[in-house]
Amino acid sequence: MEEETDTAVSSRTERKALEKAKILQRESERKLFRLVGRVLKKPEAERSEEEAAVLLLHRETVEELCKRQARRNVLKRKQEEVYDDADKLKSKVKQLAVAVEQAKHLVVYTGAGISTAASIPDYRGPNGVWTQLQKGRTIGSSDLSKAEPTLTHMCIRMLHKETLVKHVVSQNCDGLHVRSGLPRHALSELHGNMFIEVCTSCSPVREYVRLFDVTERTSLHRHGTGRRCSRCGGELRDTIVHFGERGTLEQPLNWKGAADAAEMADVILCLGSSLKVLKKYACLWCMNKPASKRPKLYIVNLQWTPKDDLAVLKIHGKCDDVMSLLMAELDVQIPVYHRAEDPVFSLATSLLQEEVQSHTREVIAALDGQEVCSPGPGEQAAEATAVQGGWFGRGYRKGRKKKKKAA
C-alpha cells in the first residue's frame, strides 16, 4: 500500500516537473524571439558585433520571424483598398457591360460593400466590424431603420426587371434588396433578413415581416425574439444565420433558388463581397463542373478576394460608382427609391396591441415622418445607444464572454 502511495507521489512529482520544464522552455523561447526581433528591427549597419553573432547563432529563429513578417505583409496588402484610375475603371466597366449583355443567365452575388453607401459598415474594410474588433475597438452605432436601398440596390432591381439579371444571392441581413423592389422569388438571403421573424412550429413555416429590426434580443444560438405566433402561439424566432450555424429555413434564405441559379449561370457578378464566406459554399461555384464549363466570374471589390485569380475581370471601385457607369453603358435608366413605394409597408404584419412594447427598435417611418406602427415606450432611450441587432453586434462578435466567477 505504501509502495502504491509512493509511486503516485512520484508520478505527480514527475508530471509537475515536466510541466514546469515546458513552461520554462516556452518562456525561454519567448525571450529569444523578443531578443532576435529587436535585433532584426535595427538596420544592418547599426547592429553591434554581439547582435550580429546572436543572429548567426539563432538562424532558425531568424527564419521563423522573417516568415511571420512576410505573412503579416501579405495580410496587410490583402486588407488594403485599391482604386482603379478613372480611365481604367471606364475601360473595365465597358468589358463588364459586354458580358452582361451577352450573358444568357447572369447571377449577382452581393456582400456588405453594396450597403456601405447606406451608412451600414462592412466587415473587412478599413472601418469594418471585424477590422475594428481585431484592433480592440468598439463598433460605432448604426441606425439601421434609417438605411435605404443604395444606387447599387436600385440598379440590380432594374437589371432584373430588364431580364438582364436572373437571380440575386445576398449575404446581407439588412433587407435592402427586398426594400428596393426586387421580387423575393429572385432573391436568396443566405444569412437571413433582420425584418423577418418566423414561427417554425407552424407547417408550413409562418412568416412575419416587421417594420423594425427583430434581432434585438437574439444572438448566436439564441434566436427567440420574445413574440408569439398569432396562429399557434409558438415562439417566434429570427431568420439570421450566424457564423458556425447552418441555415435550414426555406425563406428568406432560399438556398434552392441560389443553387438552381448557380447551376444555370453562365456569368456571375460579385459586388462588394470579400468572398471569404461565400467561397465555402461549393454549390454556388459549380465546382463539380470542369473549369472550362463553370460560369465566367466578374468581381467588383476594393480589396483582395480569394477568387481573384479565377475572375475574368476584377474591378477595383466602389459599387455605386461601377454600377452607375455600367447602367450608362447599358443605356438603362437608374430608378430612384421612393419610401412611399417601399414593399416593406405592404409586406409587414402589424404588432398586436399586447406586443407594442415588445421591442425598443425604431420603426421604419412612412412619408412625412409618420410612423406606420407605434414603437415601444423605451424607443427614445434606445436612440442614444448603438442600434445593433443580434445579427450585427452580439451575434457576430469574436471571442466568448468570460464566465462569471462563482460567488
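Look up a bit, the structure's there.
The sections below set out a description of the structure shown in this document. (Residues numbered from 1 in each chain as written. Predicted model: local features only at pLDDT ≥ 70, side-chain atom pairs only at ≥ 80, totals over all residues. Heavy atoms only, no water.)

Quick word on helix α2 (residues 49-57)
For step 1, the next point in the chain: Within the sequence span of α2, burial applies to E51, V54 and L55. Looking down the long axis of α2, one finds its buried residues gathered within 95° of arc, a one-sided arrangement. Seen from the open side of α2, the exposed residues pointing more than 90 degrees away from its buried face are E49, E50, L56 and L57. (Buried < 20%, exposed > 50% of the residue type's maximum accessible area, 1.4 Å probe, protein only. Helix = DSSP H or I, 4+ residues; strand = E, 2+ residues; numbered from the N terminus. Arc of directions from axis to C-beta.)

What about helix α4 (residues 86-102)?
For step 1, the next point in the chain: Over its 17 residues, α4 runs 25 Å from end to end, which matches the ideal 24 Å to within 8%, given 1.5 Å per residue.
For step 2, the next point in the chain: Every buried residue belonging to α4 is among L89, K92, V93, L96, A97, A99 and V100, and all of these are buried. Along the axis of α4, the buried residues cluster in a sector spanning 160°; they form a single face. For α4, the exposed residues set more than 90 degrees away from the buried face come down to D87, E101 and Q102.
For step 3, the next point in the chain: Here the buried face of α4 lies against β1 (106-110), β8 (267-271), β9 (296-300), β10 (313-315) and α9 (319-330). (Expected span 1.5 Å × (residues − 1). Contact = heavy atoms within 4.5 Å.)

So, the environment of D320
For step 1, the next point in the chain: When you line up the elements, D320 lands in helix α9.
For step 2, the next point in the chain: Considering only alpha carbons, one finds D320 and C155, 165 residues apart in sequence, at a separation of 8.9 Å.
For step 3, the next point in the chain: For D320, the residues in contact, after removing those within four places along its chain, are A117, T150, L151 and T152.

Overview of the sheet that holds β8
For step 1, the next point in the chain: Here we have six strands laid out as an open sheet, ordered β3-β2-β1-β8-β9-β10, and parallel in their pairing. Unpaired on one side and paired on the other, β3 (187-189) and β10 mark the two borders of the sheet. If you compare each strand with its neighbour and ignore which way they point, the axes differ by 15° on average.
For step 2, the next point in the chain: Summarising the sheet, strand β2 (residues 167-170) and β3 pair through three bridges and their orientation is parallel. Each residue of the ladder has a partner; that of V168, found in β3, is L187.
For step 3, the next point in the chain: Seen against the sheet, α4 touches β1, β8, β9 and β10 and runs at an angle of roughly 130° to β10. (Pairing = 2+ DSSP bridges. Axes fitted to C-alpha atoms, helices over the stretch in contact; angles between N-to-C directions.)

Considering the packing of aromatic side chains
For step 1, the next point in the chain: Under the criterion given, the structure shown has two aromatic pairs.
For step 2, the next point in the chain: A centroid spacing of 5.4 Å and a plane angle of 85° characterise the contact between Y109 and W285, whose relative ring orientation is edge-to-face. With Y109 in strand β1 and W285 in the loop between β8 and β9, the pair connects residues that are 176 residues apart, well separated along the chain.
For step 3, the next point in the chain: On the accessibility criterion, W285 (6% relative accessible area) is buried.
For step 4, the next point in the chain: Centroid distance W255 to Y281: 5.0 Å. Interplanar angle 85°. Geometry classified as edge-to-face. Here the residue W255 occupies a position in helix α8 (residues 255-264), and Y281 occupies one in the loop between β8 and β9, the gap between them amounting to 26 residues.
For step 5, the next point in the chain: When its relative accessible area of 22% is taken as the criterion, Y281 is described as partly exposed.
For step 6, the next point in the chain: Sitting over the ring of W285, K307 keeps its end group 4.5 Å from the ring centre. (Phe/Tyr/Trp six-rings, centres within 6.5 Å; stacked < 30°, edge-to-face > 60°. Lys NZ or Arg CZ within 6 Å of the ring centre and 35° of its normal.)

Let's talk about unusual backbone geometry
For step 1, the next point in the chain: The peptide bond linking S203 to P204 adopts the cis configuration, its omega dihedral lying at 0°.
For step 2, the next point in the chain: Put simply, Q251 and P252 share a cis peptide bond, and its omega is 5°.
For step 3, the next point in the chain: You will see that C286, though not glycine, has its phi angle at about 55°, which is positive.
For step 4, the next point in the chain: Inspection of the secondary structure assignment puts C286 in the loop between β8 and β9.
For step 5, the next point in the chain: Classification of C286 as buried rests on a relative accessible area of 2%.
For step 6, the next point in the chain: The phi torsion at D331 lies on the positive side, around 60°, for a residue other than glycine.
For step 7, the next point in the chain: With respect to the element layout, D331 can be found in the loop between α9 and α10 (343-347).

A short note on the side chain of H191
For step 1, the next point in the chain: With respect to the secondary-structure elements, H191 resides in the loop between β3 and β4 (196-199).
For step 2, the next point in the chain: In this structure the side chain of H191 is engaged in a polar contact, spanning 3.2 Å, whose partner is the backbone oxygen of Q171. (Polar contact = N/O pair within 3.5 Å; in protein donor to acceptor, adjacent residues only side chain to side chain.)

Re the pairing of strand β7 (residues 235-238)
For step 1, the next point in the chain: The side-chain alternation of β7 yields one buried face, formed by L236 and D238, and one unburied face, formed by E235 and R237.
For step 2, the next point in the chain: In this structure, β4 lies alongside β7, joined through two bridges in antiparallel fashion. The residue of β7 that forms the bridge with V198 is R237.
For step 3, the next point in the chain: Bridge count between strand β6 (residues 224-228) and β7: two bridges; the pairing is antiparallel. Its bridge partner lying in β7, G224 is registered against R237.

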